[in-house]
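Summary of the model geometry
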Amino acid sequence: MLRLIALLALTLTASPAVRAAGRLEITGAWIRTAPPGAMMLAGYATLRNTGDAPLTVTGASSEAFGDVSLHESAEVDGVAHMKALGSIEIAPGASIVFAPGGKHLMLMRPKHEIAPGQSIEIRILTKSGEGASAGFAVGDAAPAANP
Ligand SMILES: [Cu+2]
């Protein structure tokens, strides 16, 4: 048994390819339909870290919008507020849910009409620089459970 452990330790240290890394997966991505001409829309998705090290989400960007930021809605003394989120750390295997009433992607100044049925590419940025992109389906509700 001891010999096996020693062998395992040797194998792990001998392999330079083994490096802990976070890996971002985006599922259930959608943008809520807004009235034509709206200058502000909201996007939602589930961000999951499928890697084996913590991942830090630092922001988002999209060619379809002038500005994209991470926001959270909260009620303070009965009044709805939104605040900008700083960077968000996701532990290995953990998920962060962006959904109506809570965290959302604030999509400002659309550069063209955002119509139901479209898929809008949004990139989620991470501290490691890797990030991930997904097509956000424009509609009135979250897409069906499968990613
Ligand atoms: Cu917002």
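A few points on the structure. Since we're looking at a predicted model, the values are computed, not measured.

Rules and cut-offs
- Residues numbered from 1 in each chain as written.
- Predicted model: local features only at pLDDT ≥ 70, side-chain atom pairs only at ≥ 80, totals over all residues.
- Helix = DSSP H or I, 4+ residues; strand = E, 2+ residues; numbered from the N terminus.
- Buried ≥ 20, exposed ≤ 12 C-beta atoms within 10 Å, placed from the backbone.
- Contact = placed C-beta atoms within 7 Å.
- Pairing = 2+ DSSP bridges.
- Core = buried A, V, L, I, M, F, W, Y, C linked by C-beta atoms within 7 Å.

Some words on the overall build of the protein chain
- A tally of helices and strands in the protein chain yields 1 helix and 10 strands.
- When the helices and strands of the protein chain are placed in sequence order, the string is α-β-β-β-β-β-β-β-β-β-β.
- Buried residues in the protein chain amount to 22% of all 147 residues.
- Within the protein chain, contacts between residues at least 6 apart in sequence are counted, and of these 68% link residues at least 24 apart.

Some words on the pairing of strand β5 (residues 79-84)
- Within β5, only 0 of the 6 residues are buried, leaving the element largely exposed.
- Across 6 bridges, strand β4 (residues 65-76) lies against β5 in antiparallel orientation. When the sheet's bridge partners are listed, alanine 74 is paired in β5 with histidine 81.
- The antiparallel pairing of β4 with β5 creates a hairpin that spans 2 residues between the two strands, and aspartate 77 there sits at a positive phi of about 50 degrees.

Description of the nonpolar core
- Counting 26 residues, the largest nonpolar core has Ile26, Ile31, Ala45, Leu47, Leu105, Ile122 and Phe136 as the members making the most contacts within it.
- Of all the elements in the fold, those that place two or more residues in this core are β1 (24-32), β2 (40-49), β3 (55-61), β4, β8 (103-110), β9 (119-126) and β10 (132-139).
- The element contributing the most residues to this core is β1, with 5 residues.
- Apart from the residues lying within four places of it in its own chain, the contact partners of isoleucine 31 are Leu41, Gly43, Leu107, Ile114, Ile120, Phe136 and Val138.

With respect to the environment of alanine 132
- By the secondary structure assignment, alanine 132 is in strand β10.
- It is 9.7 Å that separates the C-alpha atoms of alanine 132 and leucine 47, two residues lying 85 residues apart in sequence.

Looking at the pairing of β3
- Of the strand pairs in this sheet, β3 and strand β6 (residues 88-90) are connected by 3 bridges, and their pairing is antiparallel. Looking at β6, one finds that leucine 55 is bridged to isoleucine 90.
- Bridging between β3 and β9 involves 4 bridges; their strand directions are antiparallel. Across the sheet, serine 61 pairs through a bridge with arginine 123, a residue of β9.

Focus: the environment of isoleucine 122
- In this fold, isoleucine 122 is placed in strand β9.
- Spatially, the C-alpha atoms of isoleucine 122 and alanine 134 are 5.7 Å apart, while their sequence positions differ by 12 residues.
- Ignoring sequence-local partners within four residues, the contact set of isoleucine 122 consists of Gly43, Ala60, Ser62, Val68, Leu105, Ser133, Ala134 and Phe136.

Here we look at unusual backbone geometry
- The phi dihedral of aspartate 77 is positive, around 50 degrees, even though this residue is not glycine.
- Mapped onto the secondary structure, aspartate 77 falls in the loop between β4 and β5.

Keep in mind these numbers describe shape, not what the thing actually does.
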